[in-house]
Amino acid sequence: MTQIAPMLLSLLATGSLILAGCAQPSTNAPRRSRELFGTVDGKQVFLYALSNGKGMEARITNYGGIVVALVVPDRAGKPGDIVLGYDSLSSYLKATPYFGAIVGRYGNRIGKARFTLDGKEYTLKANDGANTLHGGLKGFDKVVWEPDESTPPSEPVLKLKYVSPDGEEGYPGTLTATVTYTLTDSNELRIDYSATTDKPTVLNLTHHSYFNLAGAGSGDILSHELMLNADRFTPIDSGLIPTGELQSVEGTPMDFRTSTAIGARINAKDDQLRYGRGYDHNWVLNRTGNGLSLAARVSEPASGRAMEVWTTEPGIQFYSGNFLDGSNVGKGGKVYAYRTGLCLETQHFPDSPNKPQFPSTVLKPGEKFTSTTVYKFMTR
Ligand code: BGC
């Protein structure tokens, strides 16, 4: 017996012995499950649940790659859903301001809904006045993505693929895009994007969760404190199209280099805030190298929840939910009023296809586009 005990302990420590009646090692517990969410265009749509075993859970559908719910513990360990969204697929089909979606082929605006590439002009679908916004009338947020369930269900990973046909919404080239959501052990929601094309095209993929760290539907986001790691932003005209300049944030309400309450200056007399009806701008991230770099940090004093955004992208759109007007009745019947959610959309700059001085959004055949963004959660 004295010889057996140390052997048993060593087998237990290496996880190679499972005793009947004992708790199973948590590493093999399922961390991805799915249920039917509905049907769109004759295709089955699922609602996947990813959990990291540390109190975080993400519910994601392959319709639009939408993050339907993101459950994160507060300072006291109490879980709360911190993204705006709907309970049912039919609500997403009726009307949504891109709640939680993957946005493409070109996230954000392209001025006058056209651009020229290799000497040829392409006309896009205008869906924001004369401009195109978030991929056009039927962007990547409104299509059924093909789920790839080849990773074992013990891993909180969901891979999605969408093949956008040549000419879709006016964009050239068949674009094969993949998006992989991973919930990590360090309380991160990681999003890895990749894409290839068969003709030169333009591409700007992003994620459009509306966060409210106090809990979705619990009030406005004006007391959230925000830090943006950016010395400059891209000023816009009255149609929210960048003028092409990179302007210093110094001395303006756009200066979030030190953490500041979102509401502190949002109603200041300022042309940029007037054009955006609040914050709805792209910041030029301070970054070195090509790896993940800290873009933003946001915290909510009452719940103690905080989130960092890390990205490989050169820019971030901070949108303070200025177009929310209470017409969206969300999860649990909660009404999403003015400025009750904030978006931090990592991206290339808006209207880059018409702004040669901005980092290029062109993707050519033979190249592979890759991009990663991490939303990391903690409490204070
Ligand atoms: C844009 C806003 C737009 C919103 C749509 C944001 O990414 O910056 O201008 O109204 O998406 O819900």
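One can find the structure itself at the top, above this paragraph.
Figured I'd write up the structure that's included with this text. (Residues numbered from 1 in each chain as written. Predicted model: local features only at pLDDT ≥ 70, side-chain atom pairs only at ≥ 80, totals over all residues. Heavy atoms only, no water.)

**Some thoughts on the overall build of the protein chain**
- Scanning the protein chain for helices and strands turns up three helices and 29 strands.
- Whereas a compact globule of 380 residues would reach a radius of gyration of roughly 21 Å, the protein chain reaches 22 Å, a difference of no more than 12%.
- For the protein chain, the C-alpha atoms occupy an extent of roughly 80 × 45 × 45 Å along the three principal directions.
- A burial count over the protein chain gives 54% of its 380 residues as buried. (Helix = DSSP H or I, 4+ residues; strand = E, 2+ residues; numbered from the N terminus. Rg over C-alpha atoms; globule rule 2.2 N^0.38 Å. Buried < 20%, exposed > 50% of the residue type's maximum accessible area, 1.4 Å probe, protein only.)

**Here we look at the site of the ligand**
- In the neighbourhood of the ligand, the contacting residues comprise Pro 97, Tyr 98, Arg 109, His 134, His 208, Tyr 210, Asp 280, Gln 317, Tyr 319, Phe 323 and Glu 345.
- At 2.8 Å, a side-chain N or O of Arg 109 approaches an oxygen atom of the ligand.
- At a separation of 2.4 Å, an oxygen atom of the ligand approaches a polar side-chain atom of Asp 280.
- About the coverage of the ligand: the protein hides 94% of its 310 Å² of free accessible area.
- Comparing atom positions with the cavity grids shows the ligand to sit within the largest pocket. (Near = heavy atom within 4 Å. Polar contact = N/O pair within 3.5 Å; in protein donor to acceptor, adjacent residues only side chain to side chain. Areas by Shrake-Rupley, 256 points an atom, 1.4 Å probe, with all protein chains shown as cover. 1 Å grid on protein atoms, 1.4 Å probe; cavity = no way out; pocket = protein on both sides within 12 Å on 5 of 7 lines; lining within 4 Å. Sits in = over half its atoms within 2 Å of the grid points.)

**Details of the sheet that holds strand S27 (residues 343-347)**
- Pairing is antiparallel in the open sheet, where five strands are placed in the order S19-S18-S21-S24-S27. Both outer strands of the open sheet, strand S19 (247-248) and S27, are each paired with one neighbouring strand and no more. (Pairing = 2+ DSSP bridges.)

**Quick notes on the side chain of His 348**
- Residue position: His 348 is located in the loop between S27 and strand S28 (362-363).
- With a relative accessible area of 15%, His 348 lands in the buried category.
- Within polar-contact distance, the side chain of His 348 engages the side chain of Glu 313 at 2.6 Å.
- Not counting residues up to four positions away in its chain, the partners in contact with His 348 are Asn 204, Glu 313, Pro 314, Pro 359, Ser 360 and Thr 361. (Contact = heavy atoms within 4.5 Å.)

**A few points about the pattern of salt bridges**
- For the structure on display, the rule yields 17 salt bridges.
- In this structure, Arg 114 and Glu 121 form a salt bridge, with 3.7 Å as the shortest nitrogen-oxygen distance.
- With a relative accessible area of 48%, Glu 121 lands in the partly exposed category.
- Close ionic contact of Asp 141 with Lys 142 constitutes a salt bridge, the shortest N to O distance being 2.7 Å. (Salt bridge = Lys/Arg side-chain N within 4 Å of Asp/Glu carboxyl O.)

**Side note on the sheet that holds strand S17 (residues 225-228)**
- Strand order across the open sheet formed by nine strands is S11-S12-S13-S14-S29-S23-S22-S17-S20, with antiparallel pairing between neighbours. Looking along the sheet, the strands with just one partner apiece sit at the ends: strand S11 (146-148) and strand S20 (260-261).
- The pairing of strand S13 (residues 175-183) with strand S14 (residues 188-197) spans nine bridges and is classified as antiparallel. Counted as the bridge partner of Thr 178 is Ser 194 from S14.

**Some words on the layout of surface pockets**
- Here the largest pocket defines a volume of roughly 250 Å³.
- Lining the largest pocket are 18 residues, with Arg 109, Leu 133, Asp 280, Tyr 319 and Phe 323 sitting closest to its centre.
- Residues belonging to the lining of the largest pocket are distributed by class as follows: seven nonpolar, six polar and five charged. (Points joined across faces, edges and corners; volume = space filled by probe spheres on them. Nonpolar A, V, L, I, M, F, W, Y, C, P; charged D, E, K, R; others polar.)

**Considering empty space enclosed by the protein**
- Applying the stated criterion across every chain, the model contains one cavity of 30 Å³ or more.
- Along its surface, the largest cavity is lined by Asn 108, Arg 109, Ile 236, Leu 240, Asp 280, His 281, Asn 282, Gln 317 and Pro 350.
- Residue contributions to the lining of the largest cavity peak at three residues, all from strand S21 (residues 280-284).
- Within the lining of the largest cavity, the residues separate by chemical class into three nonpolar, four polar and two charged.

**Topic: the packing of aromatic side chains**
- Scanning the entire structure with this criterion turns up 21 aromatic pairs.
- Look at Phe 256 and Trp 283: their rings are 6.3 Å apart centre to centre, the planes differ by 70°, and that puts the pair in the edge-to-face class. Linking Phe 256 in the loop between S19 and S20 with Trp 283 in strand S21, this pair joins segments that are 27 residues apart in sequence.
- Ring geometry for Phe 256 and Phe 318: centres 5.9 Å apart, planes at 85°, overall edge-to-face. One end of the pair, Phe 256, is in the loop between S19 and S20; the other, Phe 318, is in strand S24 (residues 315-319), and 62 residues separate them in sequence. (Phe/Tyr/Trp six-rings, centres within 6.5 Å; stacked < 30°, edge-to-face > 60°.)

**Thoughts on the side chain of Ser 209**
- Its location among the elements puts Ser 209 in the loop between strand S16 (206-208) and S17.
- Here His 207 takes part through its side chain, which lies 2.7 Å from a polar atom of the side chain of Ser 209.
- Among all residues touching Ser 209, those that are not within four sequence positions of it are Val 67, Val 83, Gly 100, Leu 342 and Cys 343.

**Section: the environment of Arg 75**
- Within the secondary structure layout, Arg 75 lies in the loop between strand S4 (67-73) and strand S5 (79-81).
- According to the relative accessible area criterion, Arg 75 is partly exposed, its value standing at 46%.
- Excluding residues within four positions of it along the chain, Arg 75 makes contact with Pro 301, Ala 302, Ser 303, Gly 304, Thr 379 and Arg 380.
- For Arg 75, the side chain forms a polar contact with the main-chain oxygen of Pro 301, separated by 2.8 Å.

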